[in-house]
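Take a look at the letters that make up each chain.
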Amino acid sequence: MESLKKHPRFAGVEGPVVLVVMDGIGIGRQDEGNLVHRAKTPNIDWLAEHAIASQLKAHGTAVGLPTDGDMGNSEVGHNAIGAGRIFNQGAARINTAIEDGVLWDGEVWRELTGNVKERKSTLHFIGLFSDGNVHSHLDHLRAMLRRAKDEGVGTVRIHALLDGRDVPPTSALEYIDDFEGFLADLNAEHGVDYAIASGGGRMNITMDRYEADWDMVARGWKIHVRGEGRAFSSAREAVETFRGEKPGILDQDLPGFVIERDGAPVGPVRDGDSVILFNYRGDRAIELSRAFDEDPFDKFDRGPRPDVKFAGMMQYDGDLEIPKKFLVPPPHIDRTIGEYLSKTGVKQLALSETQKFGHVTYFFNGNRSGKFNPDYEDYVEIPSDRCPFEDKPEMKAKELTDKTVEAIESGRYRFIRLNYPNGDMVGHTGVFEAVIRGIEAVDEGVGRIMEAVKKTNGALIASADHGNSDDMAARDKKTGEILRDEHGRPRPKTAHSLNPVPVYVYDPSGQSNARLSGHPDLGISSLAATSLVLMGYEPPEDYTPSVVEVG
Ligand SMILES: O=C(O)[C@H](O)COP(=O)(O)O
Ligand SMILES: [Mn+2]
Ligand SMILES: [Mn+2]
């Protein structure tokens with residue numbers, strides 16, 4: 001790989017180029033459900049009016065997802081931003097592997113199904129139980145169950161993590177009923193025994209990320225693997241009971257449950273079983289994978305670890321080889337902006353709080369752990385609070401801004417990137433007042449960064465990885481009208497939006513003579529080239545073009 005070439009007409013702004021990812025802050029229709037619009041954001045508003053402003057696509061094919069009906073997410077968003085190009089992503093790759101049959105011919109699928117056939121043991125599937133298409137898709141699970149049945153696998157157990165975060169907040173029963181119907185057909189026609197064995201809300205058990213709270217994984221392990229937990233005769237009964245006990249609870253927060261048959265758990269994981277984690281996205285799949293794969297292991301007490309064959313849908317971390325076995329290889333993302341800058345000897349800094357730290361480092365660097373060259377890279381992680389996001393929607397915005405301003409003024413870095421998680425993490429709670437406060441905290445941070453950039457003759461690029469808080473109200477599918485609760489308040493939508501995101505390029509000293517490049521239909525993969533031209537480098541030829549022309 002070559003170093004970057006100097007830009008032919010522009011030597012770069014004097015101070016650092018700062019790329020701010022305002023996570024989950026998109027551009028939506030200006031109504032009651034758009035909390036970005038409702039929040040007081042004097043700094044972002046100023047940028048919209050006075051900086052170079054445009055919109056970028058942040059969903060669907062613009063970020064490597066199968067169709068333009070797929071909402072964007074932080075993983076594919078940060079992949080696209082950091083790679084400067086679009087790579088086919090998890091969902092698209094698995095669809096192809098299933099269509100072409102490559103998945104079934106693969107060594108890992110054959111090993112895991114062969115194992116349970118030979119031992120007459122159980123094949124388990126654990127994963128996010130929805131069609132949100134961010135971490136998983138139920139169509140993949142259905143395809144695998146049909147195939148398992150065709151290949152003569154007799155017993156399958158499903159451990160269902162209820163979503164309500166990438167899909168409507170209380171939609172679990174629709175997915176459960178639909179799936180139970182599918183299972184009933186398989187069982188009746190083919191004499192197999194395929195059943196849901198356990199489950200719980202994804203933000204309560206199993207799907208922690210970035211080691212923010214291993215207790216979640218410990219709870220999930222007990223439920224799925226040991227079959228220990230509150231028992232019910234069906235997943236539907238569990239959900240209905242929990243909802244009755246705590247009205248208003250969202251699916252993502254539901255407690256764990258175990259399904260019993262004849263007084264015993266129907267599907268704990270036992271020696272000789274095979275286990276597939278059918279999530280394809282890495283961040284929230286890594287910890288459970290480690291619990292299955294690692295020995296020794298000190299994150300929580302697993303009790304006796306069953307001796308199983310474990311595989312992930314994908315390899316969630318290629319550098320750390322987590323997990324060891326996987327069904328579909330991940331996209332190989334190379335020549336990211338971070339790698340180019342390191343190669344060119346340009347100093348860079350990445351910052352966020354725990355919740356999005358892996359996004360500005362691992363995902364931004366093309367799913368790569370560690371640094372390209374520690375001499376040229378510094379990473380700062382501010383530990384996230386451990387309370388519900390709606391209780392402290394400002395999160396660590398102030399601390400993150402302090403560190404960023406300090407870094408800008410230090411003169412040590414040429415490129416600084418950071419992520420404010422608020423618009424997204426608080427957006428997922430569906431608590432409107434909190435979301436507004438979270439966005440206002442981001443705006444305050446952006447304002448302080450604008451000042452620091454001005455002081456140092458640097459440049460700011462403010463954008464986002466996908467929308468969320470710009471579209472927070474549930475709507476009637478046909479009319480688009482906002483749906484309301486009994487008090488007339490909009491019912492929340494907790495998932496990401498399909499909206500474009502803003503891009504603001506602010507060069508207070510005017511050195512770059514930046515103006516819109518006028519390329520139509522740009523997506524967030526153009527942010528890498530935009531950062532490079534402001535630093536005075538020519539973007540690599542196959543990068544998505546810059547939002548601005550300079551010089
Ligand atoms: O994992 C989550 O929290 C959501 O499914 C997606 O959110 P993110 O893509 O913004 O991380
Ligand atoms: Mn995000
Ligand atoms: Mn999100």
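Since we're looking at a predicted model, the values are computed, not measured. (Residues numbered from 1 in each chain as written. Chains lettered and ligands numbered in written order. Predicted model: local features only at pLDDT ≥ 70, side-chain atom pairs only at ≥ 80, totals over all residues.)

So, on to the packing of helix H14 (residues 397-410) against helix H16 (residues 432-455). Interhelical geometry of H14 versus H16 gives an angle of 10 degrees and a closest axis separation of 10 Å. In terms of axis orientation, H14 runs roughly parallel to H16. Residues Ala 397, Leu 400, Thr 401, Thr 404, Val 405, Ile 408 and Glu 409 of H14 pack against Ala 441, Val 442, Gly 445, Arg 448, Ile 449, Ala 452, Val 453 and Lys 455 of H16. Residue composition of the contact of H14 with H16, by class: 9 nonpolar, 3 polar and 3 charged. (Axes fitted to C-alpha atoms, helices over the stretch in contact; angles between N-to-C directions. Helix = DSSP H or I, 4+ residues; strand = E, 2+ residues; numbered from the N terminus. Parallel < 35°, antiparallel > 145°, perpendicular 65-115°, else oblique. Contact = placed C-beta atoms within 7 Å. Nonpolar A, V, L, I, M, F, W, Y, C, P; charged D, E, K, R; others polar.)

The sheet built from 7 strands is open, its strands ordered E3-E17-E16-E2-E15-E13-E14 with mixed pairing. The sheet is open, and its two edges are formed by strand E3 (52-56) and strand E14 (377-382), each paired on a single side. Strand-to-strand, the axes of this sheet are offset by a mean angle of 15 degrees, without reference to chain direction. Here helix H2 (residues 42-50) sits on the sheet and contacts E3, strand E16 (459-463) and strand E17 (501-506); the angle it forms with E17, its principal contact strand, is near 75 degrees. (Pairing = 2+ DSSP bridges.)

Within the UniProt annotation, "active site" (unreviewed entry) is assigned to Ser 74. Considering the arrangement of structural elements, one finds Ser 74 in helix H3 (residues 74-83). With residues up to four places along the chain from it excluded, the contact list for Ser 74 reads Asp 23, Lys 356, His 359, Asp 424, Asp 465 and His 466. (UniProt positions renumbered as here; feature names shortened; annotations may be inferred.)

Attention now moves to the pairing of E14. Sheet topology places strand E13 (residues 348-353) next to E14; 6 bridges connect them, and they run parallel. By the bridge assignment for E14, Gln 348 is matched with Glu 377. In this region the chain leaves E13, passes through helix H13 (residues 354-363) and returns to the parallel neighbour E14; the handedness of that crossover is right-handed. (Right-handed = clockwise from strand over helix to strand, strands pointing away.)

This part takes up the environment of Lys 57. Tracing the sequence through the fold places Lys 57 in the loop between E3 and H3. Residue class for Lys 57 comes out buried when judged on the 22 C-beta atoms lying within 10 Å of it. In contact with Lys 57, other than residues within four places in its own chain, are Ala 62, Pro 500, Asp 521 and Gly 523. (Buried ≥ 20, exposed ≤ 12 C-beta atoms within 10 Å, placed from the backbone.)

The next point concerns the UniProt feature "binding site: Mn(2+) 1" (unreviewed entry) in the protein. When the UniProt feature table is mapped onto this chain numbering, "binding site: Mn(2+) 1" (unreviewed entry) sits at Asp 424, His 428 and His 496. Despite a sequence span of 73 residues, these residues sit close together in the fold, their greatest C-alpha distance being 7.9 Å. Mapped onto the elements of the fold, Asp 424 is located in helix H15 (residues 422-425). Under the C-beta neighbour-count criterion, Asp 424 is labelled buried, with 30 such atoms within 10 Å. Ignoring anything within four residues of it in the chain, the contact list for Asp 424 reads Asp 23, Gly 24, Ser 74 and Asn 468. With respect to the helices, strands and loops of the structure, His 496 is situated in the loop between E16 and E17. Judged by C-beta crowding, with 30 C-beta atoms within 10 Å, His 496 ranks as buried. Apart from the residues within four sequence positions on either side, His 496 is in contact with Gly 24, Met 71, Gly 72, Asn 73, His 466, Gly 467 and Asn 468.

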